[in-house]
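# Reading the structure
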Amino acid sequence: MSSRTASLTSAGVWLVSGGAKGVTAQCVIRLARQYHAKFILLGRSALTGAEPEWARSVTDDVELKRRIMAALTAQGEKATPAKIQKEFNALQSRRTIAGTLNAITEAGGQAIYCNADITDRAELKKQLEVLTRQTGAVTAILHGAGNLADKLIEQKTERDFETVYSAKVDGLANLLACVSPDQLDTLVLFSSAAGFYGNPGQSDYALANEILNKTAHLIQRTHSQCHVVSLNWGPWDGGMVTPALRAMFAERNIDIIPIDSGAQMLVDELERRNSPAVQVLIGSAMNVPANGFDPLAPLATHRVQRALSLAANPFLKDHVIGGHAVLPTVCALEWMGNTAEQLYPGYIFSRAENYRVLKGIVFDDTLAPAYTVEVNEADKSVKGQIVLDVMISSQTSQGKPRFHYSARLHLLDQPPIPPRYANVDLSVTDGEPGAPLYTNGTLFHGPSFQGVRRILNYSPQRLTLECEMPNVSAAAQGQFAVQSFNPFLADVQFQSMVIWARRFYSAGSLPLRAQSGTYYGSPRAGESFYVSLEVCSHSESGLVADILAHDSDGKIYTRVDGAEVTISAQLNRLFTPATT
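First, a word on what this report is: a plain description of the structure on this page. Every value quoted in this text rests on a predicted model; they were computed, and no experiment measured them.

## Description of helix H3 (residues 81-106)
The first and last C-alpha atoms of H3 sit 37 Å apart over 26 residues, in line with the 38 Å expected at 1.5 Å per residue. Considered for burial, the residues of H3 that qualify are Ile84, Phe88, Leu91, Ser93, Ile97, Thr100, Leu101 and Ile104. Following H3 by one or two positions, Gly108 adopts a phi angle in the positive range, close to 105°.

Written out as C-alpha cells, the structure reads:
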C-alpha cells in the first residue's frame, strides 16, 4: 500500500474491549508506543473517585488488607474476610486501570477509560456516542474481552456457559452494532488456540473463540477495506493462565508466550496488512492427536476463497508481461501449499506432482472477483503424510467455471532431509553477468525476482547459473507471504529455462507444467546459491528439463523434475525489459 491506514498512525482511534487490564492492556501499551493513537478502553470495573488517603503508597498486600479492615471497622461495618477481599480487589483493579492509562500516555498515546458492559448493547451505544465526540470516529476495534469457567462439560452450568460465551460472542456483536465495520480499517479479535484445537474443560471457550474465527472470515469477505485478523493465541505468561493451567501446559510441552513477545507479535501482524491470513495461530500446538485431524475419517474436501488485487501485492510490479502483471506460476504453487498448511497445522508442504498451468492469472479486465482453492484429500493412510489434490479456479462473468492451476501436493509432519546433487559443475566457461539479462529482453523480471548473478556455463545438454537470493520484504510479498515454500527462490530457478531457450532458439518461453517438485529449504536473503539445468528434450516449440537449486557443495534446496515450457518467438515482444 502506498500510505498507512489511519489506525496505524496518530490519527487512529481504537475501541478496545478488556483493554485496561492483563494481556490486552499490555498489547495496547505496545500499540501506543508504535502508533501514538487514541484508545477507548472498555471494562466492567468501576473507576470512580480518588484512592483513600489511608491506602496511598501502600504496596504490601498484607498491610493494605490490614488498613482496609481498620477502615471498615471505623465506619462501623463488620470487617469480614469477604468484605476485606472485595475492597482489596476494587483497590487493586483501580490501580491497574490507572497504571494502564498512565503507561499509554507515557508511550505516546491517549486513552479514555469507559466502565461499560459490552453485553449491554443499548448502554454501550449510549456511552460511545458521548466518548467519540471527544476522540473522533472509531477506526479500529480490538476485541480482547473474555472469561473462563473451566470444567468438564458434564459439570458446567448454564451460567458458566453464558459467562464465557456472552463476553466473546455477544460482546463482538454489540461492538459491531455500535461501530459499523464500514468505517473500520482494522479489526483484531483475540481468539484462542483452544478454539482451533479444542482443550479439555474449555468446550464453551473453544466454541466462543471458533465463532470469533468464523466471524473474522465473514467480515473480511464483506468488508475488503478492513484488515481483519483473528489471533488464535496460545497461553500467555499472565492473563487467564492459572497455576493449574500452567502446570498442565508444562506437562504437555506447550510453550507460554512472554508478554513482550506477544505484544510485538500483534504489531508485526498489523504491519502485514496485505497478508491473506485472516486466522493466525500463535504459539505451540495443543498436542491433540494427529495434528488436529482424524486419519480414519472419510476423505474430506475444503474450499477457500480469496480476492486478488495489484494493490495488495506490491511484488507483482516486478512480474509484468505484455504490459500486464501476471501471477508467477510459482506463486500459484505457493498459494496451494500455504492453503494446505493452514488447513493442516503441524504439516509442511514438501512435494508437488503433476503441476499444471491451465490458464494463468493476469491482472487486467479478466481478473475474477474471487478465486477458489479446492483441496481434496486423496490419501492419509500413511502416518505423517497427507496427499491432496488441489485446484485453483474462478468463474467467468457468465458464471462458467474457469480452471487456472492444479497439482497433487504431499504434506509431511517432518521436513525432509535435503539430498546432495551429484553432478555439480561450477566451472566458468561463459561468465556473462546476470544483470544485462534483465534489460536486454532475455528476462522481463523486476528487482523482486532478479536473482541471476552470472551464467557459469551452458551447452545443449545443461546450463549452470550463479545466483543470489532476492530480498523481498514481508510488505512486498503481500498475499503471498513466504511460509515453507519460497516462490522467489523457485522463480529464479525457472529463469534458467528462459535463458536456455533464448540462447538456443532466440525465443521467449513460458511455463506449462512440471512432473514433480520437492522443496527442502531456502538460502537466506542475499546468500549465494546455484541453479543447474539438465535438458531432457527440446524443440522449436518446447523445452523439458530437470532444474535444481543447490549450494556450492551440492546440498539441494529445491528440485523440479520434468519442468516444461512452451517456446515461441512471438513471446519476444512481450518480454519488455524490466527497466523500461
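## Concerning empty space enclosed by the protein
A probe as big as a water molecule, rolled over the atoms, marks out the empty space that is left. Using the criterion set out here, one finds two cavities of 30 Å³ or more in the structure. Approximately 160 Å³ is the volume found for the largest cavity. Lining the largest cavity are 20 residues, and of these Leu333, Phe485, Phe494, Gly517 and Val560 lie nearest its centre. Classifying every residue of the lining of the largest cavity gives 11 nonpolar, eight polar and one charged. Put simply, the second largest cavity is a space of about 50 Å³. Looking at the second largest cavity, the residues that line it are Thr329, Tyr355, Val357, Phe494, Pro511, Leu512, Arg513 and Ala514. Looking at the lining of the second largest cavity, the elements that each hand over two or more residues are strand E11 (348-357) and strand E17 (508-519).

## Description of the pairing of strand E2 (residues 38-43)
On a regular strand, one side chain projects to one face of the sheet and the next to the other, so that they alternate. With five of six residues buried, E2 lies mostly within the body of the structure. Pairing of strand E1 (residues 13-17) with E2, which is carried by five bridges, proceeds in the parallel orientation. Within E2, the position partnered with Val16 by the bridge is Leu41. Handedness of the crossover joining E1 and E2 through helix H1 (residues 22-35): right-handed.

## Regarding the packing of helix H5 (residues 158-178) against helix H7 (residues 203-222)
Close contact between H5 and H7 brings their axes to 8 Å; oriented N to C, the two are set at 15°. When the axes of H5 and H7 are compared, the pair comes out roughly parallel. The hand of the H5/H7 crossing is right-handed. Between H5 and H7, the contacting residues are Asp160, Phe161, Val164, Tyr165, Lys168, Val169, Leu172 and Leu176 on the first element and Asp204, Tyr205, Leu207, Ala208, Asn209, Ile211, Leu212, Thr215 and Ile219 on the second. When its residues are assigned to classes, the contact of H5 with H7 shows 12 nonpolar, two polar and three charged.

## Considerations on the packing of aromatic side chains
This model, assessed by the stated rule, comprises 16 aromatic pairs. Consider the rings of Phe315 and Phe480, whose centres lie 5.9 Å apart with planes at 80°: the pair is edge-to-face. Linking Phe315 in the loop between strand E8 (301-306) and strand E9 (320-321) with Phe480 in the loop between helix H11 (474-477) and helix H12 (487-505), this pair joins segments that are 165 residues apart in sequence. Residue class for Phe480 comes out buried when judged on its relative accessible area of 1%. In this structure an aromatic cluster arises from ring pairing among Phe315, Trp335, Tyr371, Phe449, Phe480 and Phe488. Sitting above the plane of the Phe88 ring, Lys65 keeps its charged end 4.8 Å from the centroid. Note that Arg306 overlies the ring of Phe480, its terminal NZ or CZ placed 5.0 Å from the centroid.

## Some words on the sheet that holds strand E4 (residues 140-143)
Here seven strands make up an open sheet; going across it, the order is E3-E2-E1-E4-E5-E6-E7 and the pairing parallel. Of all the strands in the sheet, the pair left with one neighbour each is strand E3 (110-115) and strand E7 (279-282). Strand-to-strand twist across the sheet, computed as the mean angle between neighbouring axes with direction ignored, equals 20°. Sheet analysis places E2 next to E3, joined by six bridges and oriented parallel. When the bridges of E3 are listed, Leu42 appears paired with Cys114.

Basis of the calculations
- Here the residue index of a chain counts from 1 through its sequence in written order.
- In keeping with the predicted nature of the model, local features appear solely for residues at pLDDT of at least 70, side-chain atom pairs appear and are counted solely at 80 or more, and the whole-chain, interface and lining totals rest on all residues.
- Only heavy atoms go into the side-chain values, all of them from the structure, while hydrogens and water stay out.
- Strands here mean DSSP runs of E at least two residues long; helices mean DSSP runs of H or I at least four residues long; both are numbered from the N terminus.
- Helix span is expected to be 1.5 Å times the residue number reduced by one.
- Partly exposed residues are those whose accessible area sits between 20% and 50% of the maximum for their type, while under 20% is buried and over 50% is exposed, using a 1.4 Å probe and protein chains only.
- A pocket, in this scheme, is an open set of points on a 1 Å grid over the protein atoms alone with protein on both sides within 12 Å along at least 5 of 7 lines, while a cavity is a set where a 1.4 Å probe fits but cannot get out; residues line either one if an atom lies within 4 Å of a point.
- Grid points are joined across faces, edges and corners, and a volume is the space filled by probe spheres set on the points.
- In the scheme used here, Gly and all other residues not listed as nonpolar or charged are polar, with Ala, Val, Leu, Ile, Met, Phe, Trp, Tyr, Cys and Pro taken as nonpolar and Asp, Glu, Lys and Arg as charged.
- When DSSP finds two or more bridges between a pair of strands, those strands are recorded as paired.
- By convention, a crossover is right-handed whenever its connection, traced from the first strand over the helix to the second and viewed with the strands pointing away, goes clockwise.
- Every axis corresponds to a line fitted to the C-alpha atoms, with the helix fit spanning only the stretch in contact, and the corresponding angles, defined between N-to-C directions, vary from 0 to 180 degrees.
- For classification, angles of less than 35 degrees are called roughly parallel, those exceeding 145 degrees roughly antiparallel, those between 65 and 115 degrees roughly perpendicular, and all remaining angles oblique.
- Handedness of each helix crossing follows the sense of rotation of the near helix against the far helix: counterclockwise by less than a right angle gives left-handed, clockwise gives right-handed.
- Contacts were defined at the residue level, with two residues in contact if any of their heavy atoms lie within 4.5 Å.
- In summary, the pairing rule links any two rings of Phe, Tyr or Trp, Trp by its six-membered ring, whose centres are within 6.5 Å, and it sorts them by plane angle into stacked for under 30 degrees, edge-to-face for over 60 and tilted for everything else.
- Definition used: whenever NZ (Lys) or CZ (Arg) falls within 6 Å of the ring centre and also within 35 degrees of the ring normal, the charge is taken to sit over that ring.

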